[in-house]
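Below are the chains, spelled out letter by letter.
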Amino acid sequence: MRWCQSCVLPDSRPNLFIDEGGICSACTAFRQRSEINWQDREREFGAIADAATASPGEYDCVIPVSGGKDSTWQVIKCLEYGLRPLAVSWHPPARTKIGRLNLANLIDLGVDHIDFSISPCVEAAFMRKTFEKAGSSGIPMHFAIFAVPLSIAVKFGISLIIWGENSAVEYGGSVDDNNLTVLNEAWLSKYGVSQGSGVEDWYDEVLTPQVLAAYRRPDVSVVEERGIKAVFLGHYFQWDPEISLSVAQTHGFRTSDDGPKTGYYDFADIDDDFISIHHWLKWYKFGFTRLFDNLSLEIRHGRMERERAIEIIKTVGAEKPQADIDAFCEFTGLSTAAFDDVCERFRNRDIWQQDAGIWKIHDFIVPDWNWS
Ligand SMILES: [Zn+2]
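Residues numbered from 1 in each chain as written. Predicted model: local features only at pLDDT ≥ 70, side-chain atom pairs only at ≥ 80, totals over all residues. Heavy atoms only, no water.

Section: the confidence of the model for the protein chain
Caution is warranted with low-pLDDT regions, since their predicted coordinates should not be read in detail.
Phase 1 of the analysis: Looking at the protein chain as a whole, the pLDDT averages 91, with 97% of positions reaching at least 70.
Phase 2 of the analysis: When mean pLDDT is compared element by element in the protein chain, strand β3 (residues 112-116) scores highest at 98, while helix α7 (residues 167-170) scores lowest at 72. (pLDDT = per-residue confidence, 0-100. Helix = DSSP H or I, 4+ residues; strand = E, 2+ residues; numbered from the N terminus.)

Here is the structure:
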């Protein structure tokens, strides 16, 4: 396992590469931002917005939203540019109170909104299956997040979808992929967080093609024929979590009263109780947690020294989200023992080794980590 010498991410993170100088692809991509002419990019977005407002139709664009600070920022930006958006959310089965409040606040900014719920019975069965078979509770969520807004765009005849950050750029990915500026099938196959699977790979006698229809993206031929384009706002405007937070807060967005739910931020990953499960599995599979992702962003933005980040990691520890795990088990009908068994089954033996009966990561970023 190699660690980036600039931030605190390891090369076990999917799509993250560390170069010969010891710097990861996310840090390199971040440094290249200073070479970008952001004024040109803003003008490009202006042209996209003008074309969308000039075309006939009830709505100019779809904004996929969760109610989080980034989606609040997306809505604010689109309204600033005179777009008439239709906000679309996939309703997570464990939406939190703060998630509901922030989503209501986002709608109050002045947008029409569709909250798309999938049957909880289907969600529970699908999440349990992907968790047990692939060690990931987040696969159905990612399918839904990427399918529902596109389906709504097709149904409403809307040809522009405006996403927030490009996770391929923000959290890793090869430097060449910074040119992946639209969210299409090529982007999804690498960054869609479905472990390379498609919805059809999960069909069985219960999860039939009909039952899983909401998770499936409309056919590529339909999307092309309609000329639907999905862009990332982060490509046109410099994306910084603290800035999108402050903009969102001045427009009514609230942070968690209880501190961070998972990781370092009290303003991210707070709208859904099950998101922490998705992040927790990273510890077993890749040897890091959401905290490492968040602190790496802080380092890149120059708000934290790497040494301080490592101290925080040591102080916080691996933070098992037990309350959320209990809720997830109740929702999916798993026992907590079965949950732990699945985690163990997906413990990555390439990075974890047993030492006197205790699992340890060789070459961990914190040398004197308490493994017991
Ligand atoms: Zn890095």
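What to know about the coordination of the zinc ion
Phase 1 of the analysis: For the zinc ion, the full set of protein donor atoms is Cys4 (SG), Cys7 (SG), Cys24 (SG) and Cys27 (SG), and the range of their distances to it is 2.2 to 2.3 Å.
Phase 2 of the analysis: Each of the four donor atoms around the zinc ion contributes to a set of angles spanning 106 to 114°, which defines the coordination as tetrahedral.
Phase 3 of the analysis: The sequence pattern describing where the donors of the zinc ion fall on their chain is C-x2-C-x16-C-x2-C. Each member of the pair, cysteine 24 together with cysteine 27, is buried. (Donors = N, O, S within 2.8 Å, 3.2 Å for Na, K, Ca; no water. Tetrahedral: all angles 85-135°; square planar, octahedral: opposite > 155°, others 65-115°. Buried < 20%, exposed > 50% of the residue type's maximum accessible area, 1.4 Å probe, protein only.)

So, helix α16 (residues 336-345)
Phase 1 of the analysis: Within α16 the residues assigned to the buried category are Phe339, Val342 and Cys343. The buried residues of α16 all sit within an arc of 100° when viewed along its axis, so they share a single face. Turned more than 90 degrees off the buried face of α16, the exposed positions are Asp341 and Arg345.
Phase 2 of the analysis: Structurally, α16 contributes buried residues whose contacts are with α5 (120-134), α12 (275-286) and α15 (322-332). (Arc of directions from axis to C-beta. Contact = heavy atoms within 4.5 Å.)

Concerning unusual backbone geometry
Phase 1 of the analysis: Although it is not a glycine, glutamate 319 adopts a positive phi angle of roughly 50°.
Phase 2 of the analysis: Judged by relative accessible area, which is 42%, glutamate 319 ranks as partly exposed.
Phase 3 of the analysis: Despite not being glycine, aspartate 363 has its phi angle at roughly 60°, a positive value.
Phase 4 of the analysis: Aspartate 363 sits in the partly exposed class, given a relative accessible area of 48%.

Overview of the side chain of lysine 282
Phase 1 of the analysis: Among the secondary structure elements, lysine 282 is positioned in helix α12.
Phase 2 of the analysis: With a relative accessible area of 10%, lysine 282 lands in the buried category.
Phase 3 of the analysis: Reaching out from lysine 282, the side chain makes a polar contact with the side chain of aspartate 293 at a distance of 2.9 Å.
Phase 4 of the analysis: Each residue touching lysine 282, except ones within four places of it in the same chain, is listed here: Arg13, Gly287, Phe288, Arg290 and Asp293. (Polar contact = N/O pair within 3.5 Å; in protein donor to acceptor, adjacent residues only side chain to side chain.)

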